[in-house]
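# Chains, contacts and geometry: an overview
Spelled out, the chains give:
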Amino acid sequence: MESAPLDEISVATVIVSYRSAQLTLAALQSLSAERSTPGLRLRAVVVDNDSGDLAVIAPVVKASGWDSWVTLVAAPRNGGFAYGNNLGVEHACAQGTPAYIHLLNPDAEVRPGAILALVRFLEARPEVGIAGGSFENPDGSLWPLSFRFPGLASELEEGVGLGALSRILKRKVVARMMPQDGPQQVDWICGASMLIRPEVFLAIGGLDENYFLYYEETDFCRRALAAGFQTWYVPASRVMHICGQSTGLTDAGAALRRRPAYWFESRRRYFIQAYGTGRAMLIDAAALAANALGTLKRLVQPRKQGVPYLLRDLLRHS
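Residues numbered from 1 in each chain as written. Predicted model: local features only at pLDDT ≥ 70, side-chain atom pairs only at ≥ 80, totals over all residues. Heavy atoms only, no water.

So, on to the overall build of the chain. When helices and strands are counted, the chain shows 11 helices and 12 strands. Taken along its principal axes, the extent of the C-alpha atoms in the chain is 60 × 45 × 35 Å. Put simply, the chain has 318 residues, and 51% of those count as buried. Element-wise, carbon and sulfur atoms account for 54% of the exposed surface of the chain, whose accessible area totals about 14,800 Å². Positive and negative side-chain charges in the chain, numbering 32 and 30 respectively, have mean positions lying 9 Å apart. (Helix = DSSP H or I, 4+ residues; strand = E, 2+ residues; numbered from the N terminus. Buried < 20%, exposed > 50% of the residue type's maximum accessible area, 1.4 Å probe, protein only. Areas by Shrake-Rupley, 256 points an atom, 1.4 Å probe, with all protein chains shown as cover. Lys, Arg positive; Asp, Glu negative; His and termini not counted. Charge placed at Lys NZ, Arg CZ, Asp CG, Glu CD.)

Across the 12 residues that make up strand β12 (residues 230-241), a large majority, nine, are buried. By the bridge criterion, three bridges tie strand β5 (residues 108-110) to β12 in an arrangement that is antiparallel. Opposite E109, over in β12, you have M240 as the bridge partner. Sheet analysis places strand β6 (residues 128-136) next to β12, joined by seven bridges and oriented parallel. Bridging across to β12, E136 finds its partner in M240. Across three bridges, strand β10 (residues 184-186) lies against β12 in antiparallel orientation. Bridged to Q185 within β12 is W232. (Pairing = 2+ DSSP bridges.)

It helps to recall that an α-helix has 3.6 residues per turn; residues three or four apart then point in one direction. With nine of its 11 residues buried, helix α8 (residues 216-226) lies for the most part within the structure. Residues of α8 that are buried: E216, E217, T218, D219, F220, C221, R222, R223 and A224. On the buried face of α8, the contacting elements are α3 (81-94), β6, β11 (193-196), α7 (198-204), β12 and α9 (261-275). After α8 finishes, the residue G228 shows a positive phi value of roughly 100 degrees. (Contact = heavy atoms within 4.5 Å.)

Between its first and last C-alpha, helix α10 (residues 277-300) extends 35 Å over 24 residues, near the 34 Å set by a 1.5 Å rise per residue. Every buried residue belonging to α10 is among A280, I283, D284, A286, A287, L288, A290, N291, G294 and K297, and all of these are buried. If you follow the buried residues of α10, they end up packed against α5 (152-160), α9 and α11 (310-317). (Expected span 1.5 Å × (residues − 1).)

Attention shifts here to unusual backbone geometry. Unlike most non-glycine residues, D50 shows phi in positive territory, near 55 degrees. Structurally, D50 can be placed in the loop between β2 (40-48) and α2 (54-63). Since its relative accessible area comes to 47%, D50 is described here as partly exposed. Phi at Y215 takes a positive value of approximately 75 degrees, unusual for a residue other than glycine. Position of Y215 relative to the elements: it lies in the loop between α7 and α8.

As a further point, take the packing of aromatic side chains. A complete count under the given rule lists 13 aromatic pairs for this structure. Clustering of aromatic rings is evident, with ring pairs tying together Y215, W263, F264, Y270, F271 and Y275. (Phe/Tyr/Trp six-rings, centres within 6.5 Å; stacked < 30°, edge-to-face > 60°.)

What follows deals with the packing of α5 against α10. Two quantities define a packed helix pair, namely the angle between the axes and the distance from one axis to the other. Where α5 meets α10, the closest approach of the two axes is 7 Å, and the angle between their N-to-C directions is 15 degrees. The pairing of α5 with α10 is recorded here as roughly parallel in orientation. Here α5 and α10 pass one another in a crossing that is right-handed. Residues L152, E155, L156, G159 and V160 of α5 form the contact with α10, whose own contacting residues are L282, I283, A286, A287, A290, N291, L293, G294 and K297. Across the contact of α5 with α10, the residue classes tally to nine nonpolar, three polar and two charged. (Axes fitted to C-alpha atoms, helices over the stretch in contact; angles between N-to-C directions. Parallel < 35°, antiparallel > 145°, perpendicular 65-115°, else oblique. Left-handed = near helix turned anticlockwise from the far one by under 90°. Nonpolar A, V, L, I, M, F, W, Y, C, P; charged D, E, K, R; others polar.)

On their own, these measurements won't tell you what the molecule is for.
Now the structure itself:
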């Protein structure tokens, strides 16, 4: 079957904003520049997750003349990342189902050609349901990561943090440093920029709104794969992402912070959904043992920083 001409391809970008109005406006500015790309019909839906951001965003959208392609949605509650994105996708499809849905974080800005690269890739690979690319930090340095599904081995490696064990379990480590010489199939990609076929949403029912924050894109890619849709990393697509801007948990320049309760709740749900309750309990037991060993290691080597109260919180939420 021959692919449709590129000028017939529409993309709806969904941005969920929560106390990030200025970042959302910068993201929209980057999208505005991409609207002149030949062959793309690009529009956007901005969902304010009940934070009052639209009071700042709406006047700028109007003054900039973006209201012809930007739809603003006020969510009735802050239901989390999955809830906000599902609401945005619903509004995007109500205007006519696009060829592709693009999820973009408010703290991300697309670089020239980023969306087009993902569209071209998915047009050429009908078996692929989800695609994302490389990220860069605000200083321009590359953040070329994709991820493996977490499991027993990855929890052991992360908890203990010993070089010898990490080498043995190298192929089980969640984060993968990706080469830039071409696309590769991966388990899951960062939800800060994902291009998705609408058929994926129809097949698996959207993102799981039981995840408030974290693990939702991991679970989404896992369920998509089970439904027959692959996820690929496409390095030709580049997006600037201010990692950890909303929570601080993944900010590379900041000290490690204590993880909130919802992180552990999302983790617990993911392992139960992916492996069943019995195996999830085994994974928790292994994680507790591994983190206990890791804590002892940091007592001997205090220069190695650990997440505050992680062992205590893991036990509490296991």
